[in-house]
Amino acid sequence: MMLVAALAAVAPAARADEPAATVVARIQKYYDSTKDLHAKFDQQLSSASRAPSKASGQVWLKKPGKMRWDYATPEKKLMVSDGATLWFYAPEDEQAFKQDLKGRTLPAQVSFLLGEGKLDKEFDASITKVDGLGADELALKMVPKVGTAAYRYIVFVVDGKTGQVRQTIIYGQDGSTNRLGFSDVQQNKGVDDGKFKFSPPSGTHILKPPSP
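The shown structure was predicted, so the numbers you read here are calculated from the model rather than taken from an experiment.

Here is what the cut-offs are and how they apply
Along each chain, numbering runs from 1 in the same order as the chain's sequence is written. In keeping with the predicted nature of the model, local features appear solely for residues at pLDDT of at least 70, side-chain atom pairs appear and are counted solely at 80 or more, and the whole-chain, interface and lining totals rest on all residues. Only hydrogens and water are set aside when side-chain values are computed; all heavy atoms of the structure are taken into account. Each helix corresponds to a stretch of at least 4 residues labelled H or I by DSSP, and each strand to a stretch of at least 2 residues labelled E; elements are numbered beginning at the N terminus. A pairing counts as a salt bridge when a side-chain nitrogen of Lys or Arg comes within 4 Å of a carboxyl oxygen of Asp or Glu. Under the scheme applied here, a residue whose accessible area is under 20% of the maximum for its type counts as buried, over 50% as exposed, and between as partly exposed, the area being computed with a 1.4 Å probe on protein chains only. Pairing of aromatic rings covers Phe, Tyr and the six-membered ring of Trp, with a centre-to-centre limit of 6.5 Å; geometry is then stacked below 30 degrees between planes, edge-to-face above 60, and tilted otherwise. Two conditions define a charge sitting above a ring: the NZ of Lys or the CZ of Arg must be within 6 Å of the ring centre, and it must be within 35 degrees of the ring normal. Should DSSP find at least two bridges between two strands, the strands are regarded as paired.

Engineer: Can you walk me through unusual backbone geometry in this structure?
Structural biologist: Residues other than glycine predominantly adopt negative phi, and peptide bonds predominantly adopt the trans conformation. Cis geometry marks the peptide bond from lysine 63 to proline 64; its omega dihedral reads 0 degrees. Tracing the sequence through the fold places proline 64 in the loop between β2 (50-62) and β3 (66-73). Residues threonine 73 and proline 74 are joined by a peptide bond in cis, for which omega reads 0 degrees. With respect to the helices and strands, the residue proline 74 is situated in the loop between β3 and β4 (77-81).

What follows is the structure, encoded as structure tokens:
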């Protein structure tokens, strides 16, 4: 965390009245400078139609376009991409979903973590309020400039000094929420490319999206 500590030492303190555009630029700078990242995550999903559910695990990210989400609880699952192919593997079901990413772009709520999305080009941002904010945290409401069926808007809970996103909250069109928190973040420590390779175990049923 030496780079983060250095940034914190020279960055201005978080201010609730700080212009949203300034905070967005700080977020963009942080993730543009991120070559790789490792963190623990906690996820909570809720909607009117089902009881809230929780999950946790670890995530590894590496440019360009590589990511690995290892779910540890409540059951083991894996989502991994080497930048060309996306796999979602559920060992308990002995199934793996495979998708070619050629010509596709990751959703903006994920691509910014890899420094691929330009937040000011894709979202209208405003400072908002979220319960439980720390003294050094700010919350941004991010409304997509182009409407999407996937969600209404996203809230980023941000370290106001460094621009590191500590939590994302996705508000779905159906009233659902997807809350994802990050902790023990390690930036630019070096992640081996082998972390993003996946070969399904023998006997795994492979699923693919239907042809267009």
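Engineer: Hey, could you run me through the pattern of salt bridges in this one?
Structural biologist: Note that side chains of opposite charge can pair when their charged atoms are close. Inspection of the entire model under this criterion finds nine salt bridges. As a salt-bridge pair, arginine 68 and aspartate 70 come within 2.8 Å of each other at their nearest N and O atoms. Under the relative-accessibility criterion, aspartate 70 is labelled partly exposed at 23%. Measuring nitrogen to oxygen at the nearest pair gives 2.7 Å for the salt bridge that ties arginine 166 to aspartate 159. Its relative accessible area of 8% is what places aspartate 159 among the buried residues. Each of the salt bridges in this network shares a partner with another, and the network as a whole consists of Asp136, Glu137, Asp159 and Arg166.

Engineer: Which parts of the structure should I look at to understand the packing of aromatic side chains?
Structural biologist: Tallied over the entire structure, the rule returns seven aromatic pairs. Ring geometry for tyrosine 30 versus tyrosine 31: centroids 4.7 Å apart, planes at 75 degrees, classification edge-to-face. Comparing tyrosine 30 with tyrosine 31, the two get one shared label, buried. Measuring from ring centre to ring centre gives 5.2 Å for tyrosine 89 and phenylalanine 198, while their planes differ by 45 degrees; the resulting arrangement is tilted. With tyrosine 89 in strand β5 (residues 85-90) and phenylalanine 198 in the loop between β11 (177-187) and β12 (205-207), this pair connects stretches of sequence that are 109 residues apart. Look at tyrosine 89 and you get buried, because its relative accessible area is 13%. These aromatic residues form a ring-pair network of at least three members: Phe41, Trp69, Tyr71 and Phe182. Its end group placed over the ring of tyrosine 71, lysine 77 keeps NZ or CZ at 5.0 Å from the ring centre. In this arrangement the basic side chain of lysine 141 is found over the ring face of tyrosine 153, its NZ or CZ atom lying 4.4 Å from the centre.

Engineer: How do you make sense of the pairing of strand β8 (residues 137-144) when you look at a structure like this?
Structural biologist: As a general feature of sheets, a regular strand has side chains that alternate between the two faces. With six of eight residues buried, β8 lies mostly within the body of the structure. Bridging between strand β7 (residues 123-128) and β8 involves six bridges; their strand directions are antiparallel. Counterpart to phenylalanine 123 in the pairing with β8 is proline 144. In the sheet, β8 pairs with strand β9 (residues 153-159) via six bridges, with the strands oriented antiparallel. By the bridge assignment for β9, glutamate 137 is matched with aspartate 159.

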